[in-house]
Amino acid sequence: MRSVTPLIGFLRGVVLVALVVAVAACSRTPTTGVGNLGPGGGAPGSQQEFLVTVGDRVFFETDSSALTPTAQQTLDKQAVWLNRYTNYRILIEGHADERGTREYNIALGARRGSVVVNYLVSKGVNPGRITTKSFGKERPVAICNDISCWSQNRRAVTVVQ
Amino acid sequence: MTLITRRSALKLGLAGGVFAAATPASALVQIVVSGANFAPLPIAIPDFASSDPSFGREIADIVRNNLRRSGLFAPLDPASLPTRVGDVQNTPDFLSWRTAAVDALVMGQVERGGQIQSSVRVWDTQAAQQVVGKSYGTDPQSYRRIAHIVSDAIYESLAGETGYFDTRVVYVAESGPKANRTKRLAIMDQDGANVQYITSGKSLALTPRFSPTRQMLTYLNFEDGNPQVYLLDLSTGKQQRLGSFGQMTFSPRFSPDGSTIAFSVETGGTTNIYALPIGSSQPAQLTSGAAIDTSPSYSPDGGRIVFESDRGGSQQLYIMGAGGGGAQRISYGEGTYSTPVWSPKGDLIAFTRQSGGQFHIGIMRPDGSSERLLASSFHAEGPTWAPNGRVIMFFRDPGGDAGPSLYSVDIWGRNEQQIPTESFASDPAWSPLRT
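Quick caveat: nothing in here was measured; it's all calculated off a predicted structure.

**Quick word on the sheet that holds strand β23 (residues 358–364) of chain B**
All names here are of chain B.
- Spatially, the 4 strands line up as an open sheet ordered β21-β22-β23-β24, and their pairing is antiparallel. This sheet does not close on itself; its edge strands, each paired only once, are β21 (336–342) and β24 (372–377). Strand-to-strand twist of the sheet, defined as the mean angle between neighbouring strand axes without regard to direction, takes the value 20 degrees.
- Relative to strand β22 (residues 349–355), β21 is paired through 5 bridges, and the arrangement is antiparallel. Its bridge partner lying in β22, Thr 336 is registered against Gln 354.

Spelled out as structure tokens, the structure:
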């Protein structure tokens, strides 16, 4: 009996992760998301490859600009890709969720963008390629009145162009 | 308790029969406004006399609506009055008005010619005395203004405070889906009439604020990529960027003399407050450090600035000298505090507070005492003061794909009203009294 319990726990964890991934994929809008792309990950070095196999965005905790371990993993992959394909210019967009006031959220979006820039630069990305822009809470991607949406809107998006 | 005591000294209100007058010389009774004890003053406003009777009725309707929406007055049904049309030439028959239980009576007249001319007399029927008698003129294009000017005269004569009806509100008109919403500046009279759109909507426009001395706004425009502070001349429509400082500039507000703009500058994720004399290119840095310092608002004497900062770990309110330095925290309640705005009277600071999963609009004294929450909901934000410092406008957003609306509430937390707008609306900013 004892040996079974951890396995069930493990399976439960897998199901939970799968659900989170599915929810995240569904809720992104066609123009900005990573979940709506066609089959395949795009040609090597393409913007589609960046979206699909690297991931263009990281998420933050409420009122925080600290990088989570997951965010750091994503940014590590971004840095490798960006250092390989140096023809792209990079725009970092900082965003906040709706549960804050307008002006503070503009500053918070900028602070999040700045944290991402600093991390990418620390991984060798040339700062001269990077610009930043804060949208505050003005451009949410997920629209609802609970944390399932707010957690997707607290984000920094790396746009390769 | 001290706040209520102080409010009692405001002498808001007159003639109405709640308390006897403290000053027998005036022969007038006074209403003391404090909390739930207050009842609006019944007031009789017959249609204004005019060679065009429907015009006289329209002007009287605007006046009645203004006074009713203030929450201090209860205009009586015009059809129930002993006299249906005003008369400014003769002394009223006080006995018949007293018999009809009318204590406060407004008699008005209005004529439209090369100018619009209006005369008004306010009478205390119990004392058989005129409270005020005045005549005004405006240009014929802005006939609603004459009604607002008359409303201010009535309010001032009976409430003992300057009015706020001949004012405008600039706000952000919102349309389109939430994820890609168009936000442009619009301006309207304080009662929602005469809406005009100021910016095209091609770029996001946010947080407009009026100059206290000129027909000018400062606001936030996303046209240049990152948001930047702009100036906009209301008489010409001409606009220009304030300057190039840091990566991003935002959160602008005029000094009380209109000469200077305080605003936030963001560089490398750090946000500090600066002040720039208009026309200069050398802003003075007022705060420093790695925190987010934003939403500066001057005291009416120009000597101090209240602002929000997360330097202590979460957003709280601080006051510093207008030249920077000596910041003292004033907010200590649960949750976070933001968007402080100093009352034009100087006695109070309005703010947004987040606690318990809700947003609240509140007021406190500049020393942080006597905090009072006036309105609470899922989301509420962005208070702005009427020029008499007794009414606050703010916006609420129900969330989801719906959008925000404007509301007003008085500093006692009473008389909350939605302001009618033809689109979603946010970030209201109240103008000074027009001149």
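**Looking at the interface of chain A and chain B**
- Of the residues lining the interface, 24 residues belong to chain A; the matching set on chain B comes to 47 residues.
- Each partner contributes to the roughly 2,900 Å² buried at the junction of chain A and chain B, and carbon and sulfur atoms together form 52% of this total.
- The largest share of the area that chain A buries against chain B comes from A:Arg99, A:Arg102 and A:Glu103, three residues that together contribute 26% of it.
- The tally of links from chain A across to chain B stands at 6 salt bridges.
- In this structure, B:Asp427 and A:Arg102 form a salt bridge, with 2.7 Å as the shortest nitrogen-oxygen distance.
- At the boundary of chain A with chain B, the tally comes to 24 residue pairs in polar contact (both at pLDDT 80 or more).
- Sorting elements by how many residues they give to the side of chain A that touches chain B places helix α4 (residues 102–122) of chain A first, with 9 residues.

**Overview of the sheet that holds strand β8 (residues 196–197) of chain B**
All names here are of chain B.
- The sheet built from 4 strands is open, its strands ordered β8-β7-β6-β29 with antiparallel pairing. Every other strand in the sheet has two partners, leaving β8 and β29 (424–430) as the edge strands with one partner each.
- Where strand β7 (residues 182–189) and β8 come together, 2 bridges link them in antiparallel fashion. Looking at the pairing, Ile 187 lines up with Gln 196 of β8.

**What to know about the packing of aromatic side chains**
- Going through the model one piece at a time under the given rule, you end up with 17 aromatic pairs over all chains.
- Their ring planes at 50 degrees and their centres at 4.8 Å tell us that A:Trp81 and A:Tyr85 sit as a pair that is tilted. Per residue, the accessibility class of A:Trp81 equals that of A:Tyr85, and both read buried.
- Among the aromatic residues, ring-to-ring pairing joins B:Phe73, B:Tyr155, B:Tyr164, B:Phe165 and B:Trp430 into one connected group.
- Between A:Arg99 and the ring centre of B:Phe378, over which it is positioned, the NZ or CZ distance is 4.0 Å.
- The cationic tip of B:Arg184 hangs over the ring face of B:Tyr197; the distance from NZ or CZ to the ring centre is 3.9 Å.

**Points about the pairing of strand β27 (residues 405–410) of chain B**
Residues and elements named next belong to chain B.
- Counting buried residues along β27, 6 of its 6 residues qualify, which places the element largely inside the surrounding structure.
- Of the two faces of β27, both are covered, the one formed by Ser 405, Tyr 407 and Val 409 as well as the one formed by Leu 406, Ser 408 and Asp 410.
- Relative to β27, strand β26 (residues 391–396) runs antiparallel, the two being bridged by 6 bridges. Note on β27: the bridge partner recorded for Val 391 is Asp 410.
- Here β27 pairs with strand β28 (residues 417–419) via 3 bridges, running antiparallel.

**Brief notes about empty space enclosed by the protein**
- For the structure shown, the criterion picks out 6 cavities of 30 Å³ or more.
- Size it by volume and the largest cavity reaches roughly 250 Å³.
- If you go around the largest cavity, you meet 20 residues; those closest to its centre are A:Glu98, A:Lys137, B:Lys178, B:His379 and B:Asp397.
- A class-by-class count of the residues in the lining of the largest cavity yields 6 nonpolar, 4 polar and 10 charged.
- Elements supplying a minimum of two residues to the lining of the second largest cavity: α4 of chain A together with β9 (205–210), β17 (293–298), β21, β25 (380–385) and β29 of chain B.
- Top contributing element to the lining of the second largest cavity by residue count: β25(B), with 4 residues.
- Here the lining of the second largest cavity is composed, by residue class, of 7 nonpolar, 5 polar and 6 charged.

**Brief notes about the packing of helix α3 (residues 69–84) of chain A against α4(A)**
Residues and elements named next belong to chain A.
- One can describe the packing of α3 onto α4 by two numbers: an axis separation of 9 Å at closest approach and a directional angle of 55 degrees. As judged from the angle between their axes, α3 and α4 are oblique. The crossing of α3 and α4 is right-handed. Along the contact surface, α3 presents Gln 72, Leu 75, Asp 76, Gln 78, Ala 79 and Leu 82, while α4 presents Val 116, Tyr 119 and Leu 120.
- Residue composition of the contact of α3 with α4, grouped by class: 6 nonpolar, 2 polar and 1 charged.

Calculation notes
- Residues numbered from 1 in each chain as written.
- Chains lettered and ligands numbered in written order.
- Predicted model: local features only at pLDDT ≥ 70, side-chain atom pairs only at ≥ 80, totals over all residues.
- Heavy atoms only, no water.
- Pairing = 2+ DSSP bridges.
- Helix = DSSP H or I, 4+ residues; strand = E, 2+ residues; numbered from the N terminus.
- Axes fitted to C-alpha atoms, helices over the stretch in contact; angles between N-to-C directions.
- Contact = heavy atoms within 4.5 Å.
- Buried area = accessible area lost by both parts, 1.4 Å probe.
- Salt bridge = Lys/Arg side-chain N within 4 Å of Asp/Glu carboxyl O.
- Polar contact = N/O pair within 3.5 Å; in protein donor to acceptor, adjacent residues only side chain to side chain.
- Phe/Tyr/Trp six-rings, centres within 6.5 Å; stacked < 30°, edge-to-face > 60°.
- Buried < 20%, exposed > 50% of the residue type's maximum accessible area, 1.4 Å probe, protein only.
- Lys NZ or Arg CZ within 6 Å of the ring centre and 35° of its normal.
- 1 Å grid on protein atoms, 1.4 Å probe; cavity = no way out; pocket = protein on both sides within 12 Å on 5 of 7 lines; lining within 4 Å.
- Points joined across faces, edges and corners; volume = space filled by probe spheres on them.
- Nonpolar A, V, L, I, M, F, W, Y, C, P; charged D, E, K, R; others polar.
- Parallel < 35°, antiparallel > 145°, perpendicular 65-115°, else oblique.
- Left-handed = near helix turned anticlockwise from the far one by under 90°.

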